[in-house]
Amino acid sequence: MPMGETISITLAPDTLRAVRESVEAGEYASVDALLDEAVHALQRQRRETAERLDDIRARIRRSLDDPRPSLSIEEVEAHIDALHAQTLKAHQDAAR
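In this report, the structure presented in the accompanying data block is examined. (Residues numbered from 1 in each chain as written. Predicted model: local features only at pLDDT ≥ 70, side-chain atom pairs only at ≥ 80, totals over all residues. Heavy atoms only, no water.)

1. Points about the overall build of the chain
Next up, step 1: The helix and strand tally for the chain stands at 3 helices and 0 strands.
Next up, step 2: In the chain, the succession of helices and strands from N to C terminus is α-α-α.
Next up, step 3: Over its C-alpha atoms the chain spans a radius of gyration of 25 Å, topping by over 25% the 12 Å that the globule rule assigns to 96 residues.
Next up, step 4: With the C-alpha coordinates aligned to their principal axes, the bounding extent of the chain is approximately 65 × 45 × 25 Å.
Next up, step 5: Element-wise, carbon and sulfur atoms account for 55% of the exposed surface of the chain, whose accessible area totals about 9000 Å². (Helix = DSSP H or I, 4+ residues; strand = E, 2+ residues; numbered from the N terminus. Rg over C-alpha atoms; globule rule 2.2 N^0.38 Å. Areas by Shrake-Rupley, 256 points an atom, 1.4 Å probe, with all protein chains shown as cover.)

2. Some remarks on a negative patch on the surface
Next up, step 1: A contiguous patch of negative charge, built from E74, E75, E77 and D81, is present on the exposed surface.
Next up, step 2: Inspection of the secondary structure puts E74 in helix α3 (residues 73-95).
Next up, step 3: Residue E74 is classed as exposed on the basis of its relative accessible area of 54%. (Patch = residues over 30% accessible without salt bridge, like charges linked within 9 Å, V, L, I, M, F, W, Y side chains within 5 Å. Salt bridge = Lys/Arg side-chain N within 4 Å of Asp/Glu carboxyl O. Lys, Arg positive; Asp, Glu negative; His and termini not counted. Charge placed at Lys NZ, Arg CZ, Asp CG, Glu CD. Buried < 20%, exposed > 50% of the residue type's maximum accessible area, 1.4 Å probe, protein only.)

3. Notes on the pattern of salt bridges
Next up, step 1: Scanning the entire structure with this criterion turns up 5 salt bridges.
Next up, step 2: Here D54 and R57 are joined by a salt bridge, their closest N and O atoms 3.6 Å apart. Of this pair, D54 and R57 both sit in helix α2 (residues 31-65), 3 residues apart, which is roughly one turn of the helix.
Next up, step 3: On the basis of relative accessibility, which here comes to 46%, the residue D54 falls in the partly exposed class.
Next up, step 4: Sharing partners across several salt bridges, the network here consists of K89, D93 and R96.

4. Things to note about a nonpolar patch on the surface
Next up, step 1: Together, I7, I9, L11, V31 and L35 make up a nonpolar patch on the protein surface, roughly 400 Å² of accessible area in all.
Next up, step 2: Assignment of secondary structure puts V31 in helix α2.
Next up, step 3: When its relative accessible area of 36% is taken as the criterion, V31 is described as partly exposed.

The structure is reproduced here in structure tokens:
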């Protein structure tokens, strides 16, 4: 692995303690390895968050573009009540 640039960072005492404990416990070969994995995890989390947001935006766009008429609040409440009743019945049946 090519040598990277050396930097200096300041960590909060509890963060530094956790880092040192992880390295000393053998979970990581070095502080560098721990920080490298942490950065990769952060990048992965950001990618996944961006993908989820893209999915949400696409669902919103499809909803806005849906030509079907909007439901009234009464229709929505009736649908929610029906779903709730189905869920209650399913839980009661499962408990028997």
